[in-house]
Amino acid sequence: MTSNSLKGILWGILFFLTAVIYSSIPTYLIVRFWVWLNSFPVYTLSLFMLFLWIVAIIIVLIYIVAMIRAFIQRKSEDLGIPRGVKGFGLVSTVIITAFMLIWYLIFNQIAFFSMIPP
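Residues numbered from 1 in each chain as written. Predicted model: local features only at pLDDT ≥ 70, side-chain atom pairs only at ≥ 80, totals over all residues. Heavy atoms only, no water.

**Student:** What exactly am I supposed to notice about unusual backbone geometry here?
**Tutor:** Most peptide bonds take the trans configuration, and most residues that are not glycine carry a negative phi. One non-glycine residue, N108, lies in positive phi territory at about 60 degrees. Among the secondary structure elements, N108 is positioned in the segment after α3 (83–107). Exposure remark for N108: the relative accessible area of 56% places this residue in the exposed category. Not every positive phi belongs to a glycine, and F112 is a case in point at roughly 70 degrees. (Helix = DSSP H or I, 4+ residues; strand = E, 2+ residues; numbered from the N terminus. Buried < 20%, exposed > 50% of the residue type's maximum accessible area, 1.4 Å probe, protein only.)

The following block contains the structure:
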């Protein structure tokens, strides 16, 4: 296995992890807090959260395509994935994973998934 093949596989795994993070956390939170969001007399907050959830779904689709592209083009010299997609995926995955790990070590709960509506 060459260096480029390994690089393509590692980027594909990172993009898959990013897609899982950006699909599971917002979906869980929107489902869990939907009744509480709709309890306000003005529905602006629930519509804004729905908009953010749709943006998260678009980000997930971008990273699924980037993952497929990284796996398919792993043997070529250049993966063809923009630096911004790579950078955002790497930085956001590291930050969210570190936050979840620190939260678990401090509170012994899984961050985001242990939240309950007020």
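Still more to cover.
**Student:** Help me understand the nonpolar core, please; the structure alone is not making it clear to me.
**Tutor:** The tendency in soluble globular proteins is for nonpolar side chains to be buried side by side. Ranked by size, the top nonpolar core spans 16 residues in total, and within it W11, F15, Y63, A70, I81, V85 and I96 carry the most contacts. Every element with two or more residues in this core is listed here: α1 (3–37), α2 (44–72) and α3. Examining the composition of this core, we find that seven residues originate from one element, α1, more than from any other. Excluding its chain neighbours within four sequence positions, the residues that come into contact with Y63 are F15, T18, A19, V85, F88 and G89. (Core = buried A, V, L, I, M, F, W, Y, C linked by side-chain atoms within 4.5 Å. Contact = heavy atoms within 4.5 Å.)

**Student:** What exactly am I supposed to notice about the packing of aromatic side chains here?
**Tutor:** The geometry of two aromatic rings is summed up by the distance between their centres and the angle between their planes. Within the structure shown, the criterion is met by 10 aromatic pairs. An aromatic cluster of at least three residues, connected via ring pairs, comprises W11, F15, Y22, Y63 and F88. (Phe/Tyr/Trp six-rings, centres within 6.5 Å; stacked < 30°, edge-to-face > 60°.)

**Student:** What exactly am I supposed to notice about the confidence of the model for the protein here?
**Tutor:** In regions of low pLDDT, the predicted coordinates are not meant to be interpreted in detail. When pLDDT is averaged across the protein, the result is 92; 98% of the residues are at 70 or more. Across the protein, element-level confidence peaks in α3 with a mean pLDDT of 96 and bottoms out in α1 with 93. (pLDDT = per-residue confidence, 0-100.)

**Student:** Before we go on, may I ask you to explain the side chain of K86 in this structure?
**Tutor:** In this fold, K86 is placed in helix α3. No salt bridge is formed by the buried K86; its nearest oppositely charged neighbour, D78, is found at 5.1 Å. Those residues in contact with K86 that sit more than four places away from it in its chain are W11, F15 and I81. (Lys, Arg positive; Asp, Glu negative; His and termini not counted. Salt bridge = Lys/Arg side-chain N within 4 Å of Asp/Glu carboxyl O.)

**Student:** In this structure, what is going on with α3? I would like to understand it.
**Tutor:** Spacing of three or four residues puts side chains on the same side of an α-helix, whose turn is 3.6 residues. Counted at 1.5 Å a residue, the expected span for α3 with its 25 residues is 36 Å, and the 35 Å between its end C-alpha atoms agrees. Taken as a whole, α3 has its buried residues at V85, K86, G89, S92, T93 and I96. Where α3 is buried, its residues meet α1 and α2. (Expected span 1.5 Å × (residues − 1).)

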